[in-house]
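# Structural overview for review
Below are the chains, spelled out letter by letter.
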Amino acid sequence: MAIHQIKANFERKLAEELQIIRVSAPLFVKERTGVNDNLNGVERVVSFDASDVKCGNLEIVQSLAKWKRIALAKYGFKTGTGLYTDMKAIRRDEVLDNLHSMFVDQWDWEKVITKQQRTIATLKIEVEKIYKALTSTEQSVHELYPFLQPILPKSISFVTTQELETLYPSLTPKEREDEICKKYGAVFIMQIGDRLRSGEAHDGRSPDYDDWTLNGDIVVWYPTLGRALELSSMGIRVDEKALLRQLKASDCEDRVKLEYHQAVLNGELPYTIGGGIGQSRVCMFLLQKAHIGEVQVSVWNDEIIEECKNANISLL
């Protein structure tokens, strides 16, 4: 009941804050079109052949980052309007733990913006709207279940990955996230994907949807596990220049010929901002659970099942 209430409440608040409407989303897309999300470029997609569709294999989506931009163009959305979906995905190469499952469920959203709105200021405005929906939902959960005390700060802080590296040069990227989230409670960590001054990237990002200078993650401090918890990844999408620059930096220039990339380069798709918000992550956080398997049904290895049993954690 609590999971249902959280999802219904947050989805409604998100749609109100961002002024977006819900649309149907695909579970699978055609291969070799560039539409599927390549994530960090090393994950293997789940694919299958269909007896009555002669187009090669179909791929289970890993996210809908690119499909949503195509949908905005197809449906004729105007500037300032957008869509969201109930996205389900399979990530077969995910390393399973308290926060990671092979089954991914997200609210995937996307809005049309102008070229002039491709700025940090625009990005921050949308982040604050999402955070408002999150804090509002946290308060509603507390009203339903008073023993669940709100822990989110009133406002979210902003920091770049380079600022984090400068602050904590001896720490790993994940340790930096822990430190900054423990300090501020909720942080939007910006500019993920490109190399920092040290020569290392804070984290991997596919080169062909987010602009690495205009993206980031919403990360919160999670006392239940004593660590930072990423709830959302989002950003302003690549324009023509950013796409070419990031494909070159990632040694992925062969993708230029794919349908999606050609559509971006030829100006056939609108300029957009969008992202994904983890449904199970949000439920886990607001219900203060120790394992994501307590709020979603998935498949776990024997070691995790045994560990949870010994810790009195009931997996769905």
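Throughout what follows, the structure given in this document is the object of discussion. Only a predicted model underlies this, so the values are computations on that prediction, with no experimental measurement involved.

With that settled, consider a negative patch on the surface. Residues Asp302, Glu303, Glu306 and Glu307 make up a contiguous surface patch of negative charge. Mapped onto the elements of the fold, Glu306 is located in helix H9 (residues 302–310). Relative accessible area serves as the criterion here: at 42%, Glu306 is assigned to the partly exposed category.

Our next topic: the side chain of Asp211. Tracing the backbone shows Asp211 in strand E9 (residues 210–222). A polar side-chain atom of Asp211 sits 2.8 Å from a polar atom in the side chain of Thr213. What Asp211 contacts, discounting residues up to four positions off in sequence, is Arg118, Ile236, Arg237, Val238, Ala242, Arg245 and Gln246.

Its place among the elements puts Ser232 in strand E10 (residues 227–237). Only 3.0 Å separates the side chain of Ser232 from the backbone oxygen of Gly276, close enough to count as a polar contact. Among all residues touching Ser232, those that are not within four sequence positions of it are Gly216, Asp217, Ile218, Gly276 and Ile277.

Calculation notes
- Residues numbered from 1 in each chain as written.
- Predicted model: local features only at pLDDT ≥ 70, side-chain atom pairs only at ≥ 80, totals over all residues.
- Heavy atoms only, no water.
- Patch = residues over 30% accessible without salt bridge, like charges linked within 9 Å, V, L, I, M, F, W, Y side chains within 5 Å.
- Areas by Shrake-Rupley, 256 points an atom, 1.4 Å probe, with all protein chains shown as cover.
- Salt bridge = Lys/Arg side-chain N within 4 Å of Asp/Glu carboxyl O.
- Lys, Arg positive; Asp, Glu negative; His and termini not counted.
- Charge placed at Lys NZ, Arg CZ, Asp CG, Glu CD.
- Helix = DSSP H or I, 4+ residues; strand = E, 2+ residues; numbered from the N terminus.
- Buried < 20%, exposed > 50% of the residue type's maximum accessible area, 1.4 Å probe, protein only.
- Polar contact = N/O pair within 3.5 Å; in protein donor to acceptor, adjacent residues only side chain to side chain.
- Contact = heavy atoms within 4.5 Å.

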